[in-house]
Amino acid sequence: MTKLALSDEILMSVEKPSRYIGHEVNMVEKDINSVDIRFAMCFPDVYEIGMSYLGIQILYDMFNRREDTYCERVYSPWPDLDRIMREKNIPLFTLETQSPVKNFDFLGITLQYEMCYTNILQVIELSGFPIFAAERSKGDPIVIGGGPCVFNPEPVADFFDIFYIGEGEVSYDELFSLYKEYKNSDMTREEFLRKASQIKGIYVPSMYDVSYKEDGTVEAITPKYSDVPAKIKKVVVTDFNSVPYPMKPVIPYLRATQDRVVLEVMRGCIRGCRFCQAGMIYRPTRQKDVELLKKYADTMLKNTGYEEVSLASLSTSDYLSLKELLDYLMDEMDKKHINVSLPSLRIDAFSLEVMKKVQDIKKVSLTFAPEAGSQRLRDVINKGITEENIINGSRDAFKGGWNKVKLYFMLGLPTETDEDAEGIALLSERISEEYFETVPKEERVGSLQITASASYFVPKPFTPFQWAPMLPRDEYVRRARHVKDTFNQQLNKKRLKFAYHDQDISVLEAVFARGDRRLSKVIYDAYRDGAIFDAWTEFFDMERYCRAFAENGIDYKFYTERERGLDEVFPWDHLDAGVSKQFLMKEWQAAKEGRVTSNCRDKCQGCGAAVFGSGVCFGK
């Protein structure tokens, strides 16, 4: 057994020591002397959060299938261990071999959420090599970032050597081949990065100069060399059935957020909600063959011992073979006492039929996402559902025996008025009324509970709302309280619950979502001031960031409250997510006019994703 990096004394002094010891079921073990590339795969959050991320499981499995590569895992140490590691000069280590991260060839970091940015600095600093990419030498790991936030990685560009734009199954073989050449030659780090920038989907921020106008907006993003591409196009898996998938996922010691077998049934989404970045950047929609998914489920259950299967995608009810897959799973899983769980579904008859299939095995509350309280605003955001759909769906759900409903909304959407916001409470009340009208008193089991929660709208790159302003911070608070007051005025208020998010976290998320390279210093200064685990409300302190903004002469409202002009150069305009700026402009105008755009299966809207040659664009 590998000697642990932490002593028993340290492990017994920290919360949940099993976060740091490795040796889980299905952990990959290799001889480190028999491989050419050592890759430390990092999710910059605590172990049980990172272990729930499917993307890392996929890459971990894919890399470790290579004989020349050993991929190991590392997560952010919780603050209690962070303090001890700094006091005792213990370098950050991987779980598999308990080796210092600084000894690895690559440190791959998933950029899943903007509020994890200071944890990136924690991971690099505890690893023991320079935080800023410009200060690293050939002996230091190549720091590479992937995940949804790389579609605007500029706020953390100074900390990364490379960003991988797109799906990880495509370009790593070519990158690894180049790295082995670099490692075994006198090629400089600069020369390696320059050559790497010519690989599809690879963005090397140090190969580009950014200039700014007097008003603070970006003037131009220019390659430093003629052989560096002016635009980096994302890479996409065109044959979704042929890519590797982890048949033996690592099973965490602790209960993780996703503590079950996960089947990825589909990538992309046909719907085109105008606020949703994932629905744009993961285009085109591609489906996994249902027979393949059946085999995956059987194999993974045998290899893990899990007692639950979850179906993963952006819109599972749009998977065309969902009924066949569920029929199979229900038949097989019922024999084995296995649960089947589904994510949030659309409010329609088909989705409710789907839920009825799983309710006998695992009765759960229904979760729907109307997103907006009024029909006018649902049309603005192109949600694609009507109030009639919502009420009819709720009625069918109540007839089916459900009496617990969760509703997800957003506050501060473009063009939102107080009347739209009040609609959150009014819609929740109308759903409660539908329950009492639908279910006779003698047939009611338990009490009705409708829980509505509201997050704050955060405009994201590569969405039609990337031009939209956010509301002022205090206005978010006022609207949330106004909605809360409206809930308290409803007849069935005792059956209704309303919760809303922290506005400061949303504001800062928005700053980083559409920010530029000037924010790297802000993030660094906030980190030096103690910012860490900002995604956790118990650790987040906006004052640290206010001080950092002030020290760097930056008004954060420049990134949040300002509506962008259609001719503005965005910090991410040198990246190509596959949806054209012209299409997004057209959708922004449609939003302002309250016009609905049909989904990809009903009619192609010419977004640009057809260039990848696969998926729904070609009827697949």
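Everything discussed here concerns the structure shown above.
Cut-offs applied
- Residues numbered from 1 in each chain as written.
- Predicted model: local features only at pLDDT ≥ 70, side-chain atom pairs only at ≥ 80, totals over all residues.
- Heavy atoms only, no water.
- Pairing = 2+ DSSP bridges.
- Helix = DSSP H or I, 4+ residues; strand = E, 2+ residues; numbered from the N terminus.
- Axes fitted to C-alpha atoms, helices over the stretch in contact; angles between N-to-C directions.
- Contact = heavy atoms within 4.5 Å.
- Disulfide = S-S within 2.5 Å.
- Buried < 20%, exposed > 50% of the residue type's maximum accessible area, 1.4 Å probe, protein only.
- Parallel < 35°, antiparallel > 145°, perpendicular 65-115°, else oblique.
- Left-handed = near helix turned anticlockwise from the far one by under 90°.
- Nonpolar A, V, L, I, M, F, W, Y, C, P; charged D, E, K, R; others polar.

(A) Representation of the sheet that holds strand E16 (residues 404-411). Ordered in space as E15-E16-E17-E18, the 4 strands form an open sheet in which the pairing is parallel. The two strands at the open ends of the sheet, each matched to only one other strand, are strand E15 (366-371) and strand E18 (496-500). Averaged over all pairs of adjacent strands, the angle between their axes in this sheet comes to 20°, without regard to strand direction. Across the sheet, helix H14 (residues 418-438) is in contact with E15, E16, strand E17 (449-456) and E18; its angle to E16 comes to roughly 165°.

(B) Representation of the state of the cysteines in the model. Taken as a whole, this structure holds 0 disulfides when the rule is applied. The structure places no disulfide on Cys273, whose sulfur is separated from the nearest cysteine sulfur, that of Cys276, by 6.2 Å. Residue classification places Cys276 among the partly exposed residues on the basis of a relative accessible area of 24%.

(C) Quick peek at unusual backbone geometry. Cis geometry marks the peptide bond from Arg283 to Pro284; its omega dihedral reads 0°. Position of Pro284 relative to the elements: it lies in the loop between helix H8 (277-281) and strand E12 (286-287). The phi angle at Thr415 is positive, at roughly 75°, despite the residue not being glycine. Relative to the elements of secondary structure, Thr415 occurs in the loop between E16 and H14. A positive phi angle, close to 50°, is found at Phe533, a residue other than glycine.

(D) Up close: the packing of helix H17 (residues 519-528) against helix H18 (residues 542-551). It is the contact of H17 with H18, at a shortest axis distance of 9 Å, that shows an interaxial angle of 135°. In terms of orientation, H17 and H18 fall into the oblique class. H18 is crossed by H17, and the crossing has right-handed handedness. Contact with H17, carried on its side by Leu519, Val522, Asp525 and Ala526, involves Arg544, Tyr545, Ala548, Phe549 and Glu551 of H18 and no other residues of that element. Considered class by class, the residues forming the contact of H17 with H18 number 6 nonpolar, no polar and 3 charged.

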